[in-house]
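Here is how the chains run, residue by residue.
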Amino acid sequence: MNKSIEVNNSNIYSHQSSAAKMINQYYLDKETEGSALVKLPTGAGKSGVMALAIYMLLPNIKILVVTPTEGLLNQIKYELELGFWEKIKQQPDNTKKVKVLKHKELLVSDY
């Protein structure tokens, strides 16, 4: 776990800190290949929770974020790489780049 980010930072909302800690605990307590889902209302700081969780988790865990629009994709990419860290006035010591994968076509099934 990355110890350089203080999740009790006064610039981080308590629900963001709690959610990131719960995600960490989920992956550290269970040896699982299962997924975690974070559900928060609009504007509650899901990007911040993602940023905290990604940088706190062990480096071998890959995170998949799916967005419905390119605008949201760009927003989340910015928040994960820079924006959130500027808001909380902290920088992680293990900076990760966000890899963007885009589908050129929408796959439709009639099942």
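Source: prediction; values computed, not measured.

Reading guide: rules and limits
Residues numbered from 1 in each chain as written. Predicted model: local features only at pLDDT ≥ 70, side-chain atom pairs only at ≥ 80, totals over all residues. Heavy atoms only, no water. Helix = DSSP H or I, 4+ residues; strand = E, 2+ residues; numbered from the N terminus. Buried < 20%, exposed > 50% of the residue type's maximum accessible area, 1.4 Å probe, protein only. Areas by Shrake-Rupley, 256 points an atom, 1.4 Å probe, with all protein chains shown as cover. Contact = heavy atoms within 4.5 Å. Core = buried A, V, L, I, M, F, W, Y, C linked by side-chain atoms within 4.5 Å. Axes fitted to C-alpha atoms, helices over the stretch in contact; angles between N-to-C directions. Parallel < 35°, antiparallel > 145°, perpendicular 65-115°, else oblique. Nonpolar A, V, L, I, M, F, W, Y, C, P; charged D, E, K, R; others polar. Salt bridge = Lys/Arg side-chain N within 4 Å of Asp/Glu carboxyl O. pLDDT = per-residue confidence, 0-100. Expected span 1.5 Å × (residues − 1). Bend = angle between axes of the 7 residues up to and from the residue.

A few points about the overall build of the chain
Part 1 of the reasoning: Along the backbone of the chain there are three helices and zero strands.
Part 2 of the reasoning: Each helix and strand of the chain, ordered N terminal to C terminal, gives the series α-α-α.
Part 3 of the reasoning: Each of the 111 residues in the chain was classed as buried or not, and the buried ones make up 32%.
Part 4 of the reasoning: Within the structure as shown, the chain displays about 8,400 Å² of accessible surface, and the carbon and sulfur contribution to it stands at 55%.

Regarding the environment of Gly 48
Part 1 of the reasoning: Tracing the chain through its elements places Gly 48 in helix H2 (residues 46–56).
Part 2 of the reasoning: Distance from Gly 48 to Glu 79, taken between C-alpha atoms, is 7.3 Å for residues 31 residues apart in sequence.
Part 3 of the reasoning: Dropping the residues within four chain positions of it, Gly 48 is found in contact with Gln 16 and Phe 84.

Description of the nonpolar core
Part 1 of the reasoning: Membership of the largest hydrophobic core is limited to twelve residues, which are Ile 12, Ala 20, Ala 51, Leu 52, Ile 54, Tyr 55, Met 56, Ile 76, Leu 80, Phe 84, Trp 85 and Ile 88.
Part 2 of the reasoning: Contributions of two or more residues to this core are made by H2 and helix H3 (70–88).
Part 3 of the reasoning: Among the nonpolar cores identified, the runner-up in size contains five residues, and Ala 19, Ile 23, Tyr 27 and Ala 53 belong to it.

Description of the packing of H2 against H3
Part 1 of the reasoning: In contact at an axis separation of 9 Å, H2 and H3 are set at 75° when each is read in the N-to-C sense. Here H2 lies roughly perpendicular to H3, going by the angle between them. Contact with H2, carried on its side by Ser 47, Gly 48, Met 50, Ala 51, Leu 52, Ile 54 and Tyr 55, involves Ile 76, Glu 79, Leu 80, Phe 84 and Trp 85 of H3 and no other residues of that element.
Part 2 of the reasoning: For the contact of H2 with H3, a count of residues per class yields nine nonpolar, two polar and one charged.

Regarding the pattern of salt bridges
Part 1 of the reasoning: Enumeration according to the criterion identifies two salt bridges in this entry.
Part 2 of the reasoning: Among the ionic pairs, Lys 77 bridges to Glu 81, the shortest N-O distance being 3.0 Å. Highlighted residues: Lys 77 and Glu 81, both in helix H3, separated by four residues, approximately one helical turn.
Part 3 of the reasoning: Since its relative accessible area comes to 26%, Lys 77 is described here as partly exposed.

Notes on the confidence of the model for the chain
Part 1 of the reasoning: For the chain, per-residue confidence averages 76 on the pLDDT scale, and residues scoring 70 or more make up 74% of the total.
Part 2 of the reasoning: The weakest mean pLDDT in the chain belongs to helix H1 (residues 14–29) at 83; the strongest belongs to H3 at 87.

So, H3
For an α-helix the count is 3.6 residues per turn, leaving residues at separations of three or four pointing the same way.
Part 1 of the reasoning: If you check H3, its first and last C-alpha atoms are 25 Å apart, about what 19 residues at 1.5 Å a residue would give, namely 27 Å.
Part 2 of the reasoning: The axis of H3 is deflected most strongly, by about 65°, at Glu 79.
Part 3 of the reasoning: Turning to H3, its buried residues are Leu 73, Ile 76, Glu 79, Leu 80, Glu 81, Gly 83, Phe 84, Trp 85 and Ile 88.
Part 4 of the reasoning: Lining the buried residues of H3 we find H1 and H2.
Part 5 of the reasoning: Taken from the residues just after H3, Lys 89 is the one with a positive phi, measuring 60°.

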